[in-house]
Amino acid sequence: HEAPRVEVKAVGLAEGRMSIEAKAASPLVRLASASFAVNGKRWENVFPADGLFDSRSESFRFRTAALKPGTYVLVLKVTDAAGNTGSADVLFVVK
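So, a few notes on the structure that sits alongside this text.

**With respect to the sheet that holds strand β2 (residues 17-25)**
Moving on, step 1. Taking strand neighbours across the sheet as the criterion, the 3 strands line up as β1-β2-β5 in an open arrangement whose pairing is antiparallel. With one partner strand each, in any of the chains shown, β1 (5-14) and β5 (57-63) form the two edges of the open sheet. On average, each strand axis in the sheet is inclined to that of its neighbour by 15°, with strand direction left out of account.
Moving on, step 2. In this structure, β1 lies alongside β2, joined through 9 bridges in antiparallel fashion. Residue pairing in the sheet places Glu 7 in a bridge with Lys 23 of β2.

Okay, structure coming up:
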């Protein structure tokens, strides 16, 4: 089985919170769940932009909690209905 392909990017900072946009796609089965962590801390669930995991490809838009100045790594992991997990990460700086 092939893991979902995941792309993630940081798109803007407002009030100390980074806005994230991402895409994920699985070649064979629908996507089933997604979560992110910042700097290896607690994983937080995130849902597709349309609110439902109902297809083999989904888009995501979400914001982090407020962050202090520093360098951060956000990891997004996405799992499909067959249990395969793919991930991607993005590095960003809060000034």
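From this point, things continue past the structure.
**Some remarks on the side chain of Glu 58**
Moving on, step 1. Within the secondary structure, Glu 58 sits in strand β5.
Moving on, step 2. Here Glu 58 is buried and forms no salt bridge, its nearest opposite-charge partner Arg 30 lying at an N-O distance of 7.6 Å.
Moving on, step 3. At 3.0 Å, the side chain of Glu 58 and the backbone nitrogen of Asp 54 are in polar contact.
Moving on, step 4. If we skip the residues at most four places from it in the chain, Glu 58 touches Ala 22, Lys 23, Ala 24, Leu 31, Pro 48, Asp 50, Leu 52 and Phe 53.

About the criteria used
- Residues numbered from 1 in each chain as written.
- Predicted model: local features only at pLDDT ≥ 70, side-chain atom pairs only at ≥ 80, totals over all residues.
- Heavy atoms only, no water.
- Pairing = 2+ DSSP bridges.
- Helix = DSSP H or I, 4+ residues; strand = E, 2+ residues; numbered from the N terminus.
- Axes fitted to C-alpha atoms, helices over the stretch in contact; angles between N-to-C directions.
- Buried < 20%, exposed > 50% of the residue type's maximum accessible area, 1.4 Å probe, protein only.
- Lys, Arg positive; Asp, Glu negative; His and termini not counted.
- Salt bridge = Lys/Arg side-chain N within 4 Å of Asp/Glu carboxyl O.
- Polar contact = N/O pair within 3.5 Å; in protein donor to acceptor, adjacent residues only side chain to side chain.
- Contact = heavy atoms within 4.5 Å.

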